[in-house]
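Residue strings, one per chain:
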Amino acid sequence: MYPDHALQALPDPDRHAAFYSGVTAKRAFAWIIDTIFVTGIVLLVLLVSALTAVFIFPLVWLAVGFLYRWVTLSGRSATWGMRVMSIEFLDRYGQRFDAGTAFLHTLGYSLSMAFVLPQILSVALMLFTRRGQGLTDMVLGSVAINRHA
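The structure reproduced in this document is the subject of the present report.

Cut-offs and rules
Residues numbered from 1 in each chain as written. Predicted model: local features only at pLDDT ≥ 70, side-chain atom pairs only at ≥ 80, totals over all residues. Heavy atoms only, no water. Helix = DSSP H or I, 4+ residues; strand = E, 2+ residues; numbered from the N terminus. Expected span 1.5 Å × (residues − 1). Buried < 20%, exposed > 50% of the residue type's maximum accessible area, 1.4 Å probe, protein only. Arc of directions from axis to C-beta. Contact = heavy atoms within 4.5 Å. Polar contact = N/O pair within 3.5 Å; in protein donor to acceptor, adjacent residues only side chain to side chain. Salt bridge = Lys/Arg side-chain N within 4 Å of Asp/Glu carboxyl O. Patch = residues over 30% accessible without salt bridge, like charges linked within 9 Å, V, L, I, M, F, W, Y side chains within 5 Å. Areas by Shrake-Rupley, 256 points an atom, 1.4 Å probe, with all protein chains shown as cover. Phe/Tyr/Trp six-rings, centres within 6.5 Å; stacked < 30°, edge-to-face > 60°. Lys NZ or Arg CZ within 6 Å of the ring centre and 35° of its normal. Core = buried A, V, L, I, M, F, W, Y, C linked by side-chain atoms within 4.5 Å. Axes fitted to C-alpha atoms, helices over the stretch in contact; angles between N-to-C directions. Parallel < 35°, antiparallel > 145°, perpendicular 65-115°, else oblique. Left-handed = near helix turned anticlockwise from the far one by under 90°. Nonpolar A, V, L, I, M, F, W, Y, C, P; charged D, E, K, R; others polar.

### A word on helix α5 (residues 99-114)
Right, on to step 1. For α5, with 16 residues, the first-to-last C-alpha span of 22 Å sits near the 22 Å given by 1.5 Å per residue.
Right, on to step 2. Looking at α5, one finds that the buried residues are Thr-101, Ala-102, His-105, Thr-106, Gly-108 and Ser-112. Along α5, the residues classed as buried sweep out an arc of 165° about the axis, all on the same side.
Right, on to step 3. On its buried side, α5 packs onto α3 (57-76), β1 (87-90), α6 (116-128) and α7 (135-140).
Right, on to step 4. The N-capping residue of α5, defined by a side-chain oxygen 3.3 Å from the backbone nitrogen of Gly-100, is Asp-98.

### Re the pattern of salt bridges
Right, on to step 1. The full count for this structure, using the stated rule, is four salt bridges.
Right, on to step 2. Residues Asp-12 and Arg-130 are paired through a salt bridge, measuring 4.0 Å at the closest nitrogen-oxygen approach. Taken together, the residues span a long stretch of sequence, with Asp-12 in the loop between α1 (4-7) and α2 (23-48) and Arg-130 in the loop between α6 and α7 at a distance of 118 residues.
Right, on to step 3. Judged by relative accessible area, Arg-130 falls into the exposed class, the value being 52%.
Right, on to step 4. Residues participating in the shared-partner salt-bridge network are Asp-12, Asp-14 and Arg-130.

### Considering a nonpolar patch on the surface
Right, on to step 1. On the surface, Val-54, Phe-55, Ile-56, Phe-57, Leu-59, Trp-61 and Leu-62 cluster together into a nonpolar patch covering about 720 Å² of accessible area.
Right, on to step 2. With respect to the element layout, Phe-57 can be found in helix α3.

### Details of the packing of aromatic side chains
Right, on to step 1. What the rule picks out here adds up to eight aromatic pairs.
Right, on to step 2. A ring pair is formed by Phe-66 and Phe-103, whose centres lie 5.5 Å apart and whose planes are at 70°; its orientation type is edge-to-face. With Phe-66 in helix α3 and Phe-103 in helix α5, the pair connects residues that are 37 residues apart, well separated along the chain.
Right, on to step 3. Ring pairs connect the aromatic residues Phe-37, Tyr-68 and Trp-80, which therefore count as one cluster.
Right, on to step 4. For Arg-69, the ring lying beneath its charged end belongs to Tyr-109, and the centroid distance is 4.1 Å.

### A closer look at the nonpolar core
Nonpolar side chains in soluble globular proteins generally cluster together in the buried interior.
Right, on to step 1. Grouped together as the largest cluster of nonpolar side chains are 10 residues: Val-23, Ala-30, Leu-73, Ala-78, Met-82, Ile-87, Phe-89, Phe-97, Ala-102 and Ala-144.
Right, on to step 2. Of all the secondary structure elements, the ones that give two or more residues to this core are α2 and β1.
Right, on to step 3. Formed by seven residues, the second largest nonpolar core is a distinct cluster that contains Val-42, Leu-46, Val-60 and Tyr-68.

### So, the packing of α2 against α3
Right, on to step 1. The N-to-C vectors of α2 and α3 enclose an angle of 130°; their axes lie 9 Å apart at closest approach. Taken as axis vectors, α2 and α3 run oblique relative to one another. Note that α2 runs across α3; the crossing there is right-handed. Here Asp-34, Phe-37, Val-38, Thr-39, Ile-41, Val-42, Val-45 and Leu-46 of α2 lie close against α3, whose contacting residues are Phe-57, Val-60, Trp-61, Val-64, Gly-65 and Tyr-68.
Right, on to step 2. Of the residues in the contact of α2 with α3, the class split is 11 nonpolar, two polar and one charged.

### Side note on α2
Right, on to step 1. The end-to-end C-alpha distance of α2 is 36 Å, a good match for the 38 Å that 26 residues give at a rise of 1.5 Å each.
Right, on to step 2. Val-23, Arg-27, Ala-30, Asp-34, Val-38, Val-42 and Leu-46 are the residues of α2 that are buried.
Right, on to step 3. Along its buried surface, α2 packs onto α3, α4 (80-84), β1, α6, α7 and β2 (143-146).
Right, on to step 4. Once α2 finishes, Ala-50 follows within two positions and takes phi at roughly 55°, a positive value.

Keep in mind these values describe shape, not function.
If you want it as structure tokens, here you go:
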């Protein structure tokens, strides 16, 4: 999906296994933490809107989740849940996400979450690929690694 020279910028999973050790499980826990944060923000939006946002609840949830993920990934290449779990994303060049890459990753994540098969494929890829990359990671050439490996 991406050129071999891009892979050279990322930590090698054989020579630098500590970067990838336990990351898939940490991503799962980070997702749970992020879901709690997004739920809290959505509830706050409902309260601030005097519960009128309940009529467009799915759109509120989608918008809050998308903005939360995009903003947090743009800031430090990790959502708040990922920061708690000490993991972060790197792009195909071994750099932290910029706003554009964070947007594309968030868009890919949102699309894969909207459909069952891409989500199943993404989880399977995380479990069985050398770098633990999900579907969006494979397309973008990004990886999640331990922050202090």
